[in-house]
Amino acid sequence: MRDLDWSRGSYLAEFSTADELSEAVRRFLEMGYTRVETFSPMPVDTIVPRTRSRLPVVVFAAGVAGAILSYAVEWYANAFAYVQNIGGRPAHAVPAFLVPALEGAILFAAVAAFAGFFTSARLPKLWHPVFEIPGFEGATVDRYWIAVDGADARTSTNTTEDELRLLKPLRVVLPGPVT
């Protein structure tokens, strides 16, 4: 449900162990639900298969772009726009341009890594509708939660609630309009 509007609310269930949460997610995905989100105090690897991050590719591309842009600025300034004959040196001195181009690559790659991490991790997230549920703060300590978006095509009022209760959670929280 990664930052959906939650206009139709969500069905939530609280579990006491990561294994129960993994089983709940597996069963809901098998039943055809597509908008399932989990909240847990630690990563639970068995829930969703890991996919490779695109962040290294983005960081590399940003580094290459930074190197090219830095080199282009140096070339424009020294070999094209403001050519000066100083000590008989060539205006386009490749060895002299490489170090600043490397610095530009590092700068662009670092900024892309910083911004890319926070974007992919959806940070900072200071408020979310589920934070209003009493007892939800246990998701940062010792409780595991599954949330099914009310806008999921498979969701229906009675069926989703019954399917959650069959998993024997500690409690089920039914949707209300979340703004």
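Below: a short report on this structure. (Residues numbered from 1 in each chain as written. Predicted model: local features only at pLDDT ≥ 70, side-chain atom pairs only at ≥ 80, totals over all residues. Heavy atoms only, no water.)

This part takes up the pairing of strand β1 (residues 10–15). Counting buried positions over the six residues of β1 gives six, a clear majority of the element. By the alternation rule, side chains of β1 split into S10, L12 and E14 and Y11, A13 and F15, which are all buried. As paired strands, β1 and strand β3 (residues 144–149) are joined by six bridges and run antiparallel to one another. Within β3, the residue paired with S10 across the bridge is D149. (Buried < 20%, exposed > 50% of the residue type's maximum accessible area, 1.4 Å probe, protein only. Helix = DSSP H or I, 4+ residues; strand = E, 2+ residues; numbered from the N terminus. Pairing = 2+ DSSP bridges.)

Moving on: the pattern of salt bridges. Taken as a whole, this structure holds seven salt bridges when the rule is applied. A salt bridge links D149 to R35; the nearest nitrogen and oxygen atoms lie 3.2 Å apart. Here D149 is found in strand β3, whereas its partner R35 is found in the loop between α1 (18–30) and β2 (36–39), with 114 residues between them in sequence. By relative accessible area, which is 31% here, R35 ends up partly exposed. For R154, the salt bridge goes to E163, with nearest N and O atoms at 3.1 Å. Since its relative accessible area comes to 12%, E163 is described here as buried. Overlapping salt bridges bring together E14, R143 and R171 as one network. (Salt bridge = Lys/Arg side-chain N within 4 Å of Asp/Glu carboxyl O.)

What follows concerns the nonpolar core. Grouped together as the largest cluster of nonpolar side chains are 18 residues, with contacts concentrated most on F15, L21, F28, I146 and L164. Looking at this core, the elements that each hand over two or more residues are β1, α1 and β3. Broken down by element, the residue count for this core peaks at five residues, all from α1. The contacts of F15, once residues within four sequence positions are left out, are E20, L21, A24, R143, Y144, I146, L167, P169 and L170. Judged by nonpolar contacts, the second largest core, of nine residues, contains L12, V130, I133 and W145. (Core = buried A, V, L, I, M, F, W, Y, C linked by side-chain atoms within 4.5 Å. Contact = heavy atoms within 4.5 Å.)

A few words on the sheet that holds strand β4 (residues 171–173). Note on sheets: strands pair through backbone hydrogen bonds, and any given pair is parallel or antiparallel. The strand order across the open sheet formed by four strands is β2-β3-β1-β4, and the pairing between neighbours is antiparallel. The two strands at the open ends of the sheet, each matched to only one other strand, are β2 and β4. Averaged over all neighbouring strand pairs, the angle between strand axes comes to 20 degrees, with direction disregarded. Bridging between β1 and β4 involves three bridges; their strand directions are antiparallel. The partner of L12 across the bridge, within β4, is V173. Contacting β1, β2 and β3, α1 runs over the sheet at an angle of about 20 degrees to β3. Together, β1, β3 and β4 form the strand contacts of helix α4 (residues 157–166), whose direction differs from that of β1 by roughly 10 degrees. (Axes fitted to C-alpha atoms, helices over the stretch in contact; angles between N-to-C directions.)

The analysis is restricted to geometry; functional conclusions fall outside its scope.
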